Structures are given as C-alpha cells and as structure tokens.
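# Survey of secondary and tertiary structure
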Amino acid sequence: GPAAPAQVPPLTPLPRIVDGPQRPMLLVDGQPFIALAVQAHNSSGYPAVLPQVWPVARQLGANTVMLPVGWEQVEPVEGRFDFGAVDAMLAGARENDLRLVLLWYGTWKNTGLSYTPAWVKRDGLRFPRMRHPDGRAHETLSPHGEQTLAADARAFAALMRHLRQADPQRTVIMVQVENEAGSWGLARDHSAHAQALFADLIPQELARALAVPRRTWEQAFGPRAEQFFMSWHVARYIEHVARAGQAELDLPMIANAALGNAFTDEGGEVGPSGGPNWNVLPVWRAAAPSLGAIGPDIYTRDAAAVERFLDRYAAHGPLVVPEIGNAAEYARFAWSAFGRGALLYAPFGMDGTAYVNYPLGAKALDEGVLGAFAAPYRLLGSAMSGWPLIAGERPLWGTARGNDGSDQSTTMGRWRLTAAYGRWAFGEDDWTWIPRDPHPLADVPTGGLVAAQLDADTFLVGGQNVRLRLSLANPAPGESPQVIEAQEGTFIDGQWVMRRRWNGDQIDYGFSFGPEPVWLRITMDSYR
Ligand code: N0T
C-alpha cells in the first residue's frame, strides 16, 4: 500500500511536580512516579566509567540514577561545549531502562570550586573568591561574582539546550543545580561589595516572605544575620542559574543540603553557611521559587535525627532525599522517606568503581549492603502503578526502626498503628510463659514500613522486618477491633491484585513482615 504520511511523533510530556490532594506528586511520562534512585560517585560521569554504574543500579532495582555533570567536563575551553559524556549517559540509561537525574557541579560542589573549568579556577579577577574580614581569599567563589554567575548560567543553559534536542524521550527527569552550596569556615563574603550589601536593608521580597519588617540584616536576624544573608545570595544565584536552564528545557530542578544539627540551630551547627539547611528553608524558598524541591543529604546514623530531617524537609515539601549514606543501616529510612511522600531517595556512592566513603557510607558494597537497599526498592518498584498515586492522595505514615529498637506508633483516623522491631511473630506479648531466644534481629538496625489509609478502615501497608498492630485509638466501652480481612498482593496496571489472604497465625499476633517485603491491604472494623 501507499506509504503512511510522515508523522512527527508526539513528544513525551516533560516530567513535572504537581500538587496532589495530600502532597506533591512527580509525573514522569504523565504518570505519578517515585524515583527509586542511586547516586554514583563524584568521578563516575565519564563514558569509560558508566559501564560500572548501570549494573549496580540494576542489581538494586533502582529506576533512576543520579549522575554528575561537571562544568569542567562540558566547557573545558570557554565558549566551547562538549556534551559527549552527557550523550553517553543518555544512551546507557536508555539501554538499561533507567531514568536520570543530572547533578550540575558548577560554582559550588560541596562548597568548593573544584568542578569549575581551569579558566575559572585561574581567574580570580573575573571570578572572585570570598574574602575574609582581613581581606584574605577563601577558597569558595563569591555568590556576588556577577561574571561567575553569568558564566555558570550560560554553561548550564547550554546543557539544558543540549538535553532539549538530545532527550525527546525525557530520560532525564530532574536536574540538581550545584551541589551542597554555601561555604565552610566563613559565614559570608567580606569584599567591599558584599559589605555594602550586608549593611543594607534586607530585600523587600524576603521581608514579605518571612513577614518581618524591612530592616538591616543584623536588625532583622540577629545572630543568624550572616547565615541568612549568605543563604539569600546563594539561593538567588542558584535561582538565576536554574531559570537560565529552565528557559531552555523546563525540567524540575532541585538543590541539596549538607546538614547541620537536626534538632536545633542554636549552637550554629547549620552546615555550610548559605546552604539550604532546614533553618533557612523559608529564605531559600523565597529566593529560589524555580526550584521544585530542596532535599537533605543525610549522613547521620542517629535514626531520630534522620526522621527529624525528613519531617523538616517534608514540611517545606516536596520531599526528596538526594543523598543518604550507602551503609546497610540507612536502607531502612526508605520506609520513613516514602512514607512521608518522598519523590526521590538515593543512597550515595552506589556504583562499581570500588571507592568507599566510609565513615559516611559503607565500608564495602557487599551482598549485605546491596541486599538491604534492594529490598524496599523491590517492593516499591513492584507497585509503580499504585503507590505513587496513593502517596499523593492519601494520609500516610512511614517509619523505620529507631536506634533503640523501641515500638513506634501513630494515629490515623480511629486507628492506632504500632510498629515493633526484632520480635518473634508468634504470640510474643501473649504467650510470655513459653521460653524463647531473643530474635536474631533484636539488635540489628533494619526494619520499617509505609502505611497509607485508603479509606477510614482500610490500610495499604508495605514493610520489612517489622510487626504492625492495629488497635482502636479511643475504643468506646466494650468496643474491640477486628480484622475483616488482610490481603497480600500487588498492583498490576493500577489495579490491586490479591495473591493470598493472611489469616490465622499470620494475623493473630499482629502482622509480621519478614525479610522479604510485601504489600498487605488490611480492612479493619470493630465489634461490641
Ligand atoms: C556529599 C558526599 C559527596 C557526619 C560525600 C557530604 C557528595 C556530597 N557530601 O561523600 O561528596 O557529592 O554531596 C558532606 C558530609 C559532611 C560531613 C558530615 C559529617
């Protein structure tokens, strides 16, 4: 027959972050999506090394890889761009059925300028460093350097322009602008220009956003004035870079934070000055409205601190966790994060290059480590047509074993949910006269769950190494809870499909999730 008329294939819709009834959702290919991500090491974004990245991502069941793109890599000579490495990332990700989050290492990489091209590093006149009060240079580039900003934004825009033509399939779903911005060891620039800005009134926009009177930085923010000042200017700079990129290709963009103290900012432990530590999120949100999300880089092994960080960043949502240590004990916080509606979670340093960043992460990527991270990804990955939509629409709870292993609970509607760890499944609280050995996981930092309240009395729960009990939060006199049914199953094309019912021993002493995570859909009621 006659050849069909040539047709332009419809473009895949751009990934974007949208509001859901309960919390934001990430749409990829127009569908709710969560990034079960891994982040590669800092020097792994090269064609020769990428073959060592993909297998680890596959082994973990990740759907997304976060890969660095260094400014020095794409603009080694000023004005001459080379995106060969980016093309290799796109091709490799597609071959391996993975999406990408690119990390733009420009002006700030862990605050330093090490990823800027040599022509930036060598030209302190065009690209000024921050100054100490005595005039000495600090390593970090000044956020007030107008030419630095122009050059960074131009390179970033070129990257995004390249993606516009090289990535019609939207393999890249998100871009991180800079990495752990701010400065260590010096709260702000003391150049003459910066001094003048610091002596001036705070910007009108900031005053309005924080609902504070428009006074000088010191009057407005007292002991936090330098940190807030630096935060405003770093975030403004990143806003400018992000916007230059979005003008070429409008992808969701994020920033990440090296963190201070989870519980307080009183002692001044706030991470690098100017970075998006939790205590300056309102400043960052006002200064950088083009960022879709700001996330914590979590390297504390104190579970209470981890949960506090997650709460703090979720409160200024959408929650993303661009980095978390890759030691096995961090794997359980995937439950805590996705149970707060996280759109992305990424253990850092997951590739086959054999570099280890212990004490932050694991001593080695052995079977135990990979298995720990693969487990929650296997469960969540199996429910891509169910969980991401539910997470945007329903009340959620997510929790992981605390450092002391004690029980945890929350209330959802008339139900009290209690998670317990390192406990035998059969009658532990009821048949106490039967002697028993301690559970092998009694002291192991593993276990957690996500729970969504589908309707008043129905819960979708996914978990591992945890026991869940459902009780009435405020029972009427004589009222008792009962399980109507508990289905183990999964989502296929958005529909819940039962595999089996849990009953008898499997529910009489709570719902015990073992080492292999499963989904349970539990319908409760009460009787009297
Ligand atoms: C992270 C990573 C990488 C407890 C460290 C963590 C990554 C960057 N920085 O391997 O360099 O690119 O974002 C900073 C941790 C600060 C010390 C925490 C002490």
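The structure this text deals with has already been given above.
Residues numbered from 1 in each chain as written. Predicted model: local features only at pLDDT ≥ 70, side-chain atom pairs only at ≥ 80, totals over all residues. Heavy atoms only, no water.

### Here we look at the sheet that holds strand 3 (residues 31-33)
Pairing in this open sheet of three strands is antiparallel, and the strands run 1-2-3 from one edge to the other. Edge positions in the open sheet fall to strand 1 (16-18) and strand 3, since each of these has one partner strand only. Ignoring which end each strand starts from, the neighbouring axes of this sheet average 50° apart. By the bridge criterion, three bridges tie strand 1 to strand 2 (residues 25-28) in an arrangement that is antiparallel. In the sheet register, Val18 faces strand 2, and the bridge partner there is Met25. (Pairing = 2+ DSSP bridges. Helix = DSSP H or I, 4+ residues; strand = E, 2+ residues; numbered from the N terminus. Axes fitted to C-alpha atoms, helices over the stretch in contact; angles between N-to-C directions.)

### Here's the deal with the side chain of Asp189
Looking at the secondary structure, you find Asp189 in the loop between strand 9 (172-179) and helix 6 (192-199). Within the buried set, Asp189 has no salt-bridge partner at all; the shortest N-O distance to an opposite charge, 6.1 Å, is to Arg131. A distance of 2.8 Å separates a polar atom in the side chain of Asp189 from the backbone nitrogen of Arg131. A polar atom in the side chain of Asp189 sits 2.8 Å from the side chain of Ser142. Contact partners of Asp189, with chain neighbours within four places excluded, come to Arg129, Met130, Arg131, Ser142, His144, Ala194 and Gln195. (Buried < 20%, exposed > 50% of the residue type's maximum accessible area, 1.4 Å probe, protein only. Lys, Arg positive; Asp, Glu negative; His and termini not counted. Salt bridge = Lys/Arg side-chain N within 4 Å of Asp/Glu carboxyl O. Polar contact = N/O pair within 3.5 Å; in protein donor to acceptor, adjacent residues only side chain to side chain. Contact = heavy atoms within 4.5 Å.)

### A look at the site of the ligand
Every residue lining the ligand is accounted for by Asn42, Tyr105, Lys109, Asn110, Asn179, Glu180, Asp297, Tyr299, Glu323, Phe348, Asn357 and Leu360. Between the ligand and the protein, one listed contact pairs an oxygen atom with a side-chain N or O atom of Glu323 at 2.5 Å. In isolation the ligand offers 500 Å² of accessible surface; the protein chains occlude 67% of this area. Broken down by class, the residue content of the shell around the ligand amounts to four nonpolar, four polar and four charged. (Near = heavy atom within 4 Å. Areas by Shrake-Rupley, 256 points an atom, 1.4 Å probe, with all protein chains shown as cover. Nonpolar A, V, L, I, M, F, W, Y, C, P; charged D, E, K, R; others polar.)

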